[in-house]
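The primary structure of each chain is shown beneath.
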Amino acid sequence: MYRPSGHGYIEAVVGPMYSGKSEELIRRLKRAKIAKQEVIVFKPCIDNRYSKEDVVSHSGISIRAIAINHTEEIHKYITDETQVVGIDEVQFFDEGIVAVALELADKGIRVIAAGLDLDFKAEPFGPVPELLARAEFVDKLQAVCVKCGAPATRTQRLINKEPARYDDPIILVGATESYEARCRKCHRIKK
Ligand code: ADP
Ligand code: ZN
């Protein structure tokens, strides 16, 4: 779709883990850079899966990013030249991220936000539902279900290789935790 530059808008890229959200975000941002647009990328400090300063996909492609603790910090990095703003792992930001995205888009900036639409309980994740409602463009990606090969729309949380319970704490000391992409049929939540 033709999206004229200088017209601000919000693009949301969502889906479960391994669905290619980071890859898609990086692809769009790299194309903007090829078009010589001024691009800046943010991610929350919590996610230091591979690198403190980069957005890195599971397949290993990456782009330079700024890790921030609070949504308000975004303002200090935006200049009159900024044309495109990328945000990864948007689900980990507070609700304020939606107001910031709207403000940037109103100023004429293209905002591309990627993140999980659902948590491991398959419930809407943090600010993402609001962001989806307010975005001009939404892409919902699927991974491949590791159990049956169907399109995966959910993230399975495993604790010591068993499906996590609904009320298991977010941080579990001494347990091994992992995540898998699964379809609706294969996704499990222990009550
Ligand atoms: P996300 O940001 O959505 O977690 P990434 O962009 O980091 O996803 O990674 C997507 C890549 O993960 C795929 O291109 C593929 O190489 C790899 N991958 C690993 N497991 C799966 C899976 N179950 N389904 C799809 N892709 C997978
Ligand atoms: Zn399945």
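The numbering scheme is per chain: residues are counted from 1 as the chain's sequence reads. Think of it this way: whatever chain is written first is A, whatever ligand is written first is 1, and the rest follow in order. Side-chain atom pairs in this predicted model are given and counted only at pLDDT of 80 or more, local residue features only at pLDDT of at least 70, and totals for whole chains, interfaces and linings cover all residues. Computation of side-chain values: all heavy atoms of the structure, hydrogens and water removed.

1. Description of the UniProt feature "active site" (unreviewed entry) in the protein
UniProt positions are given in the numbering used here, feature names are shortened, and annotations may be inferred rather than shown by experiment. The feature "active site" (unreviewed entry), as annotated in UniProt, sits at E89 in this numbering. Within the secondary structure, E89 is located in the loop between β6 (84-87) and α3 (96-106). Under the scheme applied here, a residue whose accessible area is under 20% of the maximum for its type counts as buried, over 50% as exposed, and between as partly exposed, the area being computed with a 1.4 Å probe on protein chains only. Classification of E89 by relative accessible area gives buried; the value is 10%. Polar contact is the term for a pair of N or O atoms within 3.5 Å; when the atoms are in protein, one must be able to donate a hydrogen and the other to accept it, and sequence-neighboring residues count only if both atoms are side-chain atoms. Only 2.7 Å separates the side chain of E89 from the side chain of Q91, close enough to count as a polar contact. Segments assigned H or I by DSSP are reported as helices when at least four residues long, segments assigned E as strands when at least two residues long, and all are numbered from the N terminus.

2. Quick word on the site of ligand 1
In the region of ligand 1, 15 residues are neighbours, and K21, S22, E23, H58 and V144 sit closest. S19 is positioned with one of its backbone polar atoms (N or O) 3.1 Å from an oxygen atom of ligand 1. In this structure, an oxygen atom belonging to ligand 1 sits 2.6 Å away from a side-chain N or O atom of E23. For ligand 1, the protein covers 74% of the area, taking 580 Å² as the surface of the free molecule. Those elements that provide at least two residues to the shell around ligand 1 are α1 (21-34) and β9 (143-144). Here the shell around ligand 1 gets three residues from one element, more than from any other, and that element is α1. Lys, Arg, Asp and Glu make up the charged group, whereas Ala, Val, Leu, Ile, Met, Phe, Trp, Tyr, Cys and Pro make up the nonpolar group; the residues left over, Gly among them, are polar. Taken together, the residues of the shell around ligand 1 sort by class into seven nonpolar, six polar and two charged. In this entry, domain limits derive from an automatic or database-based domain assignment. Both domain 1 (9-141) and domain 2 (142-190) contribute no fewer than three residues apiece to the shell around ligand 1. Here a residue counts as near a molecule or strand whenever at least one of its heavy atoms sits within 4 Å of it. Per-residue and other accessible areas were derived by the Shrake-Rupley procedure at a 1.4 Å probe size, with only the shown protein chains allowed to occlude residues.

3. Quick notes on the domain arrangement of the protein
In terms of domain boundaries, the protein breaks down into domain 1 (9-141) and domain 2 (142-190). Between the C-alpha centres of domain 1 and domain 2 the distance comes to 23 Å. Contact residues are listed per partner, giving twelve residues for domain 1 and 14 residues for domain 2. Buried area, as used here, totals the accessible surface that two parts lose on assembly, with accessibility defined by a 1.4 Å probe and the loss added over both. Of the roughly 1200 Å² buried where domain 1 meets domain 2, counting both sides, 62% is carbon and sulfur surface. Whenever a carboxyl oxygen of Asp or Glu lies within 4 Å of a side-chain nitrogen of Lys or Arg, that contact is scored as a salt bridge. Put simply, domain 1 and domain 2 have zero salt bridges between them. The interface formed by domain 1 and domain 2 holds five residue pairs in polar contact (both at pLDDT 80 or more) in total. Split by residue class, the side of domain 1 that touches domain 2 holds eight nonpolar, one polar and three charged. Contacts between residues were defined by any pair of non-hydrogen atoms, one from each residue, lying within 4.5 Å.

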